[in-house]
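Each chain is listed here by its residues.
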Amino acid sequence: DDCIWCTQGSPQSWVSSCGLQTDRHGFLLVDQHMRCSLAGSAEPTSVFAGGDVATVAGHERPKAGVFAVMAGMVLWINIRAILRGE
């Protein structure tokens, strides 16, 4: 017999204590460039997050692999731009 167990994504315990903004479910809240902000601040930091650990402000999506994969390209483009000083 086989058993396949699928669960919905849930935030890790470290997220709530890391000092970065979270959404109402406890996931990291990022801007459209995938940048995190410090808790209580609207200014983005140089900390990036994507995939199931993050929620893009104003664009809440289910925690599903397809959205995590799509975030990879956005992260790559934005981190590369920061490193190049763009």
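Going by the structure above, here's the rest.
Treat the numbers as computed from the prediction; the structure is a model and nothing was measured. (Residues numbered from 1 in each chain as written. Predicted model: local features only at pLDDT ≥ 70, side-chain atom pairs only at ≥ 80, totals over all residues. Heavy atoms only, no water.)

Colleague: I tried to follow the nonpolar core on my own but got confused; where do I start?
Modeller: Among the nonpolar cores identified, the biggest contains 10 residues, and these are Val15, Leu20, Leu28, Val30, Met34, Cys36, Ala49, Ala54, Ala71 and Leu75. When contributions to this core are tallied by element, the ones reaching two or more residues are β1 (28–30) and α2 (65–83). Contacts of Leu75, omitting those with residues within four sequence positions, involve Met34, Phe48, Ala49 and Gly50. (Core = buried A, V, L, I, M, F, W, Y, C linked by side-chain atoms within 4.5 Å. Buried < 20%, exposed > 50% of the residue type's maximum accessible area, 1.4 Å probe, protein only. Helix = DSSP H or I, 4+ residues; strand = E, 2+ residues; numbered from the N terminus. Contact = heavy atoms within 4.5 Å.)

Colleague: For this particular structure, what's the right way to read the side chain of Asp23?
Modeller: Residue position: Asp23 is located in the loop between α1 (13–16) and β1. In this structure, Asp23 is in contact with Leu29 and Thr55, ignoring residues within four places of it in sequence.

Colleague: Could you clarify how one ought to interpret the pairing of strand β3 (residues 44–48) in this entry?
Modeller: A regular strand places its side chains so that they alternate between the two faces of the sheet. Bridging between strand β2 (residues 35–37) and β3 involves two bridges; their strand directions are antiparallel. The partner of Ser37 across the bridge, within β3, is Pro44. Between the end of β2 and the start of β3, which pair antiparallel, lie six residues, with Gly40 showing a positive phi angle near 85°. (Pairing = 2+ DSSP bridges.)

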